[in-house]
Amino acid sequence: MHDRNYKRMFSFPRVVADLLRAVCDAELVEGLDFQGLTKLPTDYVGERGQERLGDCVWRIPFRDGWIYLLVLLEFQSRRDAVMALRNLEYTALLYTELGRTGHLGVPGAWPPVLPLVLYNGDTPWTEDVEMRRLIAPTPAVLGPFQPSQRSLVLDERHIALDDLPLRNLMRAVVGLEQSRTLEELADVTVALHEWLSSPSDTDLGRAFAAWVQDVASRMAGTPVELGETLEEASMSLADRAALWPEQYRREGRREGRIEGTRNALRMIAERRFGVGTASRLANLLASIDDPDRLEEVTWWSVDCQTGDELIARVSGIGNGSG
């Protein structure tokens, strides 16, 4: 249900337009004609008959031509180390399909492609987004022959809300992903209701309301009914938050503190030992929910002399040692 509601959200031009405004450079945004956003089919069939299904493909006018936007929605707790390769494959399939349908143009005038990954995993995204970095170091003479493409990644659960434009729908998307309590979820829903109050936004508001209900159900651990509109959802959330048992309030605050500690430990490890160690540590910490254990790791992150020593100690927690 979560995946379906999420994909439904990104079938609306306004959401995709705000996504581009949130992640792209101002120079690129200035050249885009958002009124011309057009959603395209996402079924591509290769020459050998294998079918590939992307999540969202959009076409948008840019200056005197077009840009094709490939949006991949990643609903997974672990990062994808070969995401750059997947995007390169989707790009090749898109160009092949454009050529088959007569929309590619002559060589040298093909439309550019912007691959964009929306990631909502629990651990921060640290994988390479540049295709060349997946290939072993090569002599300079071989460099020009290697495939090269960079992807944009929006790490929704770890980006700061203040890094996103005001009154941009991606602030709401990220706010929903980062909500830990019903109160936080209600605040985002109320803001969304204010932003999407126009009659022309009715369908988009209902799509957001379905997603809010899905998030609330996951928080509660049981299906909840909030209504079909953002107004109904915000009122229902306010009522439920007022009646939410104190034990769940404490649990929400506890989970927030635990996640904050995990993020702090990851940043310490990255500063002291590099991105590789930080990534390995983040995977280990995802399974540690005991605040006392996390406090122990905090001291280790300062005392250990090498990244391998820190990883060995934290691994020992899962093995019952340490």
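Residues numbered from 1 in each chain as written. Predicted model: local features only at pLDDT ≥ 70, side-chain atom pairs only at ≥ 80, totals over all residues. Heavy atoms only, no water.

S.K.: Can you break down the packing of aromatic side chains residue by residue, with the values?
M.R.: Within this structure, the stated rule accounts for three aromatic pairs. Between Tyr95 and Trp110 the ring centres are 5.1 Å apart and the planes differ by 40°, which places this aromatic pair in the tilted class. Residue Tyr95 is found in helix H4 (residues 83-100), and its partner Trp110 is found in the loop between H4 and strand E6 (113-119); the two are separated by 15 residues along the sequence. For the ring pair Tyr119 and Trp125, a centre distance of 5.1 Å and an interplane angle of 70° mean the geometry is edge-to-face. Note on accessibility: Tyr119 and Trp125 belong to one class, buried. Lying across the ring of Phe34, Arg21 places its NZ or CZ 4.1 Å from the centre. A cation over a ring is seen here: Arg59 above Trp66, with NZ or CZ 3.9 Å from the ring centre. (Phe/Tyr/Trp six-rings, centres within 6.5 Å; stacked < 30°, edge-to-face > 60°. Helix = DSSP H or I, 4+ residues; strand = E, 2+ residues; numbered from the N terminus. Buried < 20%, exposed > 50% of the residue type's maximum accessible area, 1.4 Å probe, protein only. Lys NZ or Arg CZ within 6 Å of the ring centre and 35° of its normal.)

S.K.: An account of the packing of helix H6 (residues 182-195) against helix H7 (residues 202-220) is needed here, citing residue identities and associated values.
M.R.: At a closest axis distance of 11 Å, the pairing of H6 and H7 adopts a crossing angle of 175°. It follows from the interaxial angle that H6 and H7 lie roughly antiparallel. Where H6 abuts H7, its residues Leu182, Leu185, Thr189 and Leu192 lie against Phe208, Val212, Val215, Ala216 and Met219. Among the residues making up the contact of H6 with H7, the classes are represented as eight nonpolar, one polar and no charged. (Axes fitted to C-alpha atoms, helices over the stretch in contact; angles between N-to-C directions. Parallel < 35°, antiparallel > 145°, perpendicular 65-115°, else oblique. Contact = heavy atoms within 4.5 Å. Nonpolar A, V, L, I, M, F, W, Y, C, P; charged D, E, K, R; others polar.)

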